[in-house]
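Single-letter residue listing:
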Amino acid sequence: SNTLSTTAKGVTVTSSTNLALNRWYHVAAVYNGGASSLSLYLNGRLVGSSTAGALAGTLAASTARFTLAKNATASANYFKGGIDEVRVFGNALSATQIQRMMCQKIENSTNSSTAPISGSLFTKNIDGTALTWTELLTYFRFDNYRDDVI
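Residues numbered from 1 in each chain as written. Predicted model: local features only at pLDDT ≥ 70, side-chain atom pairs only at ≥ 80, totals over all residues. Heavy atoms only, no water.

(A) Summary view of the sheet that holds strand β3 (residues 27-32). Pairing within the open sheet is antiparallel, and its three strands lie in the order β3-β4-β5. Two strands close off the open sheet at either side, each with one partner strand: β3 and β5 (45-50). Sheet twist, expressed as the average angle between the axes of neighbouring strands with direction ignored, equals 20°. Where strand β4 (residues 37-42) meets β5, five bridges bridge the pair, whose relative direction is antiparallel. Directly across from Leu 38, in β5, lies its bridge partner Ser 50. (Pairing = 2+ DSSP bridges. Helix = DSSP H or I, 4+ residues; strand = E, 2+ residues; numbered from the N terminus. Axes fitted to C-alpha atoms, helices over the stretch in contact; angles between N-to-C directions.)

If you want it as structure tokens, here you go:
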């Protein structure tokens, strides 16, 4: 299938948009336990969401490893393509924050964890002063490498 899906707490959200081959896409998934919602964005546009009651609260600890581009608990559903960057935040991002980060690398020019996240292409804070580096849990930049490790 050439569609996107994301799953949290047994609830799956799937986009009906078919993805074309050899084309760049920005994909974002947002889990918000406080709002009991799971949302899927494609190129900054909401393409699927759920407000199922099962989504309420925090995500439980899992024995499955953090996984991208394949089924988390089985050797199946592998993604066939390239991945440029992966960002994991400790809070639910808004549609505006996703849209502002969509086409740019982010940087911390002050090296302060409380500094606002800003874009490196357009040097503007992503969301005023609300989104800081302490909320960015993991940032995989696949354009940086060390020795022979990418």
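(B) Layout of the pattern of salt bridges. A complete count under the given rule lists one salt bridge for this structure. With a shortest N-O distance of 2.6 Å, Glu 85 and Arg 87 are connected by a salt bridge. The class of Arg 87 is partly exposed, set by a relative accessible area of 22%. (Salt bridge = Lys/Arg side-chain N within 4 Å of Asp/Glu carboxyl O. Buried < 20%, exposed > 50% of the residue type's maximum accessible area, 1.4 Å probe, protein only.)

(C) Representation of unusual backbone geometry. Positive phi outside glycine occurs at Lys 9, with the angle close to 50°. Positioned with a positive phi, Asn 22 is a non-glycine residue whose angle comes to about 60°. Considering the arrangement of structural elements, one finds Asn 22 in the loop between β2 (11-14) and β3. Its relative accessible area of 85% is what places Asn 22 among the exposed residues.

(D) Just a nonpolar patch on the surface, in detail. A cluster of nonpolar side chains, contributed by Phe 66, Leu 68, Phe 79, Ile 83 and Phe 140, occupies part of the molecular surface with about 490 Å² of accessible area. Mapped onto the elements, Leu 68 comes out in the loop between β5 and β6 (85-89). Note on Leu 68: relative accessible area 39%, which makes it partly exposed. (Patch = residues over 30% accessible without salt bridge, like charges linked within 9 Å, V, L, I, M, F, W, Y side chains within 5 Å. Areas by Shrake-Rupley, 256 points an atom, 1.4 Å probe, with all protein chains shown as cover.)

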